[in-house]
Number of protein chains: 2
Amino acid sequence: MTKKYNVGVLGATGAVGQQILTCLGERIFPIDSLKVLASERSVGKTVDFYGDLLKVEKVGPDSFNGLDLAIFSAGSEASSEYAPIAAKAGCIVIDNSSKWRMDSRVPLIIPEINPGAMKKHKGIIANPNCSTIQMLVALKPIYDAVGIKRIVVSTYQSVSGSGYKGVKELANQSTSLLTGQEAKISVYPHRIAFNCLPHIDSFLDNGYTKEEMKMVNETIKIFDDKNIKVTATCVRIPLFYGHSEAVWIETGRHISPEAARELLNRAPGIVVIDDPEINRYPMASDCINLDEVMVGRIRADLSCENGLAMWVVADNIRKGAATNAVQIAELLIKDSKLMKTDWSD
Amino acid sequence: MTKKYNVGVLGATGAVGQQILTCLGERIFPIDSLKVLASERSVGKTVDFYGDLLKVEKVGPDSFNGLDLAIFSAGSEASSEYAPIAAKAGCIVIDNSSKWRMDSRVPLIIPEINPGAMKKHKGIIANPNCSTIQMLVALKPIYDAVGIKRIVVSTYQSVSGSGYKGVKELANQSTSLLTGQEAKISVYPHRIAFNCLPHIDSFLDNGYTKEEMKMVNETIKIFDDKNIKVTATCVRIPLFYGHSEAVWIETGRHISPEAARELLNRAPGIVVIDDPEINRYPMASDCINLDEVMVGRIRADLSCENGLAMWVVADNIRKGAATNAVQIAELLIKDSKLMKTDWSD
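Note that the structure is a prediction, hence the values are computed from the model and not measured. (Residues numbered from 1 in each chain as written. Chains lettered and ligands numbered in written order. Predicted model: local features only at pLDDT ≥ 70, side-chain atom pairs only at ≥ 80, totals over all residues.)

Visitor: What's the story with the nonpolar core in this structure? I'm lost.
Guide: Nonpolar side chains tend toward joint burial in soluble globular proteins. Formed by 222 residues in total, the largest nonpolar core has its most connected members in Ala70 and Val93 of chain A together with Ala70 and Val93 of chain B. Those residues within four positions of Val93 of chain B in sequence are excluded, and the remaining contacts are Ala70, Phe72, Ala83, Ala86, Ala87, Gly123, Ile124 and Ile125 of chain B. (Core = buried A, V, L, I, M, F, W, Y, C linked by C-beta atoms within 7 Å. Buried ≥ 20, exposed ≤ 12 C-beta atoms within 10 Å, placed from the backbone. Contact = placed C-beta atoms within 7 Å.)

Right, dumping it as C-alpha cells:
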C-alpha cells in the first residue's frame, strides 16, 4: 500500500493556495489528512477539496504538529514566522514566498532542473519566483547542451501574480473605463487596466525592482553558476492569467535555432509551439491550467554571434507556483531519506 | 509675410490621418489650402479641421497637381501607387507607410536625429516605424556621446498601431469578455483582449516579424551605421494608445546611468521620468498627446560591462507617426532648397 501523508496548506484561500489544492488532487498526491490553514482574516471560510468542504483553520504555533509536510503560500511575513516553527515540529515546508529563497540553508528547487539540491534541505525548501521558473525550465536544455553566459529578459506578467486582488482590480478598472467611469486604484500604484507598468515588487538602490533581482539571483542559485549574467525588466500588463517573457541568451558555444527547438522538444516540462507561418506561437490565453512551459519564436539573435531569442509563456499560478510546489512534494516523498527536518535558527 | 503652402493629407480619416490634421493645426503649419484625400471607402465623409468641415476627396492620379507637399498615411499600397505620381507632379511626399523606407533614394528621417539626410530627397521622404522613432530619439544622445554597439529591445505596443480597427477590436473584445460573451476575432489572428501576442506584421523566413526587422534595418539607416547590431521582439498588448519598450544597449565606452540621465535631460524631444522611489516612471497612460518621448528606469545592465537598461514610452500616433511627419514638413519649408522634387522611377 502507498504510504500516505499528513499535509498542510497555508494560505489555502488565495489564488495560489486554491490551485495547490487542485494540483494535489489532480496529481493524486497520497494524502492521509489535509489541513487548510490561513491567517485570521480567512478563518471561518471553507475550501472545496474535490467535494470535501474543509474548514479553514487559523494558523498558529501548534498548527504543524503531526504534519509531514506543508505548502506555504501566504506571503513572506507568514513564511518568516511559521516556516521555522513547522520545520522544528518535524513538518517539511515547501515555501512559495521569497522569504527563504536566497538562504544558504534552503534549497531553491525546480524539479526539472536541480532535484539533486533537495538533499541538503533542513526542513525548508523554497519554490522560486514564477517568472524565474518558466524561464529556467525553457533554458535548461540549452544550458546543458552548450552553456549560457548571459540572459536578457523582459516580462509580460499578468495581474494574478498579485493574487485575487490583482484579478479583481483589473476586472473592476476595465469595466469602469469601458462604461465611462473613473478607474479606482487600490492594488497597484497606478492604473493597470489598458496600461502597462514597469514596476513589480519594490525598487532597490540599483534601480532594479525586487522582482527583477529575483530573476537575476535565483537563476544563479538554481543553475549553481556564479558566472551566469542576467538582466531583467519586469512589467505588469493588463491580463488575468499567464506570464510571457521575451528572452535572449548568449550561449557558450553556437547552437542553431533548429537544434535548440529539437532539444526543447525532447525536454521535460516543455511544449514547443513554433510555427509562425500559421500564426502558432505561445500565448497567455493558451496557457491556463497547463503545467508545461510553452516556448516558441525561437530564432537567432541578430545582434550577437552565439545568441538565441525566444518567447516563453506559462501559467504563473500553476507551473509558476502551485504545480512546481506539488512537484517538489512529490520529489520529497519519493525518497524516504528526504523526509526529515533538522532546522536550527 | 510667411509663405503658405498647399498641403494634402492622404488617409485623412484614419487614426494617424486625424492626428496629422490636429498636429498641423496645433503647430500652426502655414497652410494656404488643405486637401484631404482618402480611398473610395471614405469618400463622402467630412473631417473637421479646427471648425472647418473638409470634404474627403477620392485620391486619384490628378489629386496632387498644385500641392506643395502631402503627408501620406493610407498604407503601403496607396503609397506605392501615389507617392511617385505626387512627386513627379511636384508635390513632396512625406510617407508614413513602410513602402519607401529602405529605398536608397528616400531619406528616412527623425528630425531630432538626422535632419541633414533630408538634403538628398527626390520628392519622397519616409517617416520611420513608430517603435523605431521612439527608441532612437531616446538613444541618440547616448549614441553621440559614447557610441552604441548593440541594442536589444522588446516592445509593448498598443492596438492603435493597427488604426481605429485595432482600437475597436480591443474595446469590443474586452466588453464581450467582461459581460460573459464570446470575444469575436477579426483584426488580429488571435484574441487581443486580456492577452499578449508576440506577432506584429507578418513573419519572415528568419523567424522575425517585419515589424521587428523594421527596428533592425531602420536603425542602421537612420544612424547611418552599418556596424550597429539590433535584435527585437515586438509584442501587441491590450491597451489603446502608447507604445512602451524595454531597451538594453551596449555602449562603445562606459557611461553611468547618472551621466546618461543627464544627457537625456538636455536632449530635444525627450522627457526623463525616473524617480522610481516615488513610483515615477514612463507609462503609456501618461503619454497620450505628448510629443516627447518619455525615458525612465535608466540603470546599469547587470549582464554586460558597458551596458544600460531603460524604459521608453511614447504616443505611437503622435511622435510615432503624425508629429514626426509634421516635423519633417517643418524642416522642408524651413529650407527653400528642399522644396523641390526630381523623382524618377
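Visitor: Is there a simple way to explain the sheet that holds strand S13 (residues 293-300) of chain A in this structure?
Guide: Sheets are built from strands paired through backbone hydrogen bonds, the pairs being either parallel or antiparallel. Residue and element names in this part refer to chain A. The strand order across the open sheet formed by six strands is S10-S9-S11-S14-S13-S12, and the pairing between neighbours is mixed. On the outer flanks of this sheet lie strand S10 (229-233) and strand S12 (270-272), each paired with one strand and no other. When the angles between neighbouring strand axes are averaged without regard to direction, this sheet yields 25 degrees. Bridge count for strand S11 (residues 243-251) against strand S14 (residues 307-314) is eight bridges, and the pairing is antiparallel. Paired with Val247 across the bridge in S14 is Met310. (Pairing = 2+ DSSP bridges. Helix = DSSP H or I, 4+ residues; strand = E, 2+ residues; numbered from the N terminus. Axes fitted to C-alpha atoms, helices over the stretch in contact; angles between N-to-C directions.)

Visitor: It is not clear to me how the confidence of the model for chain A should be interpreted in this structure. Could you clarify?
Guide: On average, residues of chain A score 97 in pLDDT, and 100% of them are at 70 or above. As a predicted assembly, this complex carries a pTM of 0.97 together with an ipTM value of 0.96. (pLDDT = per-residue confidence, 0-100.)

Visitor: Where do I start with the relation of the copies chain A and chain B in this structure?
Guide: Note: a rotation about an axis with an accompanying shift along it relates these two copies of the chain. Rotating chain A by 180 degrees and translating it 0.0 Å along the rotation axis places it on chain B, where the RMSD comes to 0.0 Å. Given the turn and translation reported, the copies of this chain are related as if by a two-fold rotation axis. A shared binding surface is used by both copies, with 100% of the interface residues of chain A retained as interface residues in chain B. (Least-squares fit on C-alpha atoms with pLDDT ≥ 70 in both.)

Visitor: Would you take a moment to explain the interface of chain A and chain B for this structure?
Guide: By a frequent convention, interface size equals the accessible area lost on bringing the separate parts together. Taken together, the contact between chain A and chain B spans 50 residues of the former and 50 residues of the latter. If you list the elements that add at least two residues to the side of chain A that touches chain B, you get strand S9 (148-156), helix H4 (164-178), S10, S11, S13 and S14 of chain A. If one sorts the elements of the side of chain A that touches chain B by residue count, S9 of chain A sits on top with five residues. Taken together, the residues of the side of chain A that touches chain B break down into 29 nonpolar, 14 polar and seven charged. (Nonpolar A, V, L, I, M, F, W, Y, C, P; charged D, E, K, R; others polar.)

Visitor: Any chance you could explain helix H2 (residues 76-88) of chain A here in plain terms?
Guide: An α-helical turn contains 3.6 residues, so any two residues separated by three or four positions project in the same direction. All names here are of chain A. Taking 1.5 Å as the rise per residue, H2 with 13 residues should run 18 Å; its terminal C-alpha atoms sit 18 Å apart, in good agreement. At Tyr82, H2 is bent by approximately 35 degrees, the largest bend along its length, and proline Pro84 sits one to four residues beyond. Of all the residues in H2, the buried ones are Ala78, Ser79, Tyr82, Ala83, Ala86 and Ala87. Packed against the buried residues of H2 are strand S1 (5-10), strand S6 (69-72), strand S7 (92-95) and strand S8 (124-126). Following H2 by one or two positions, Gly90 adopts a phi angle in the positive range, close to 90 degrees. (Expected span 1.5 Å × (residues − 1). Bend = angle between axes of the 7 residues up to and from the residue.)

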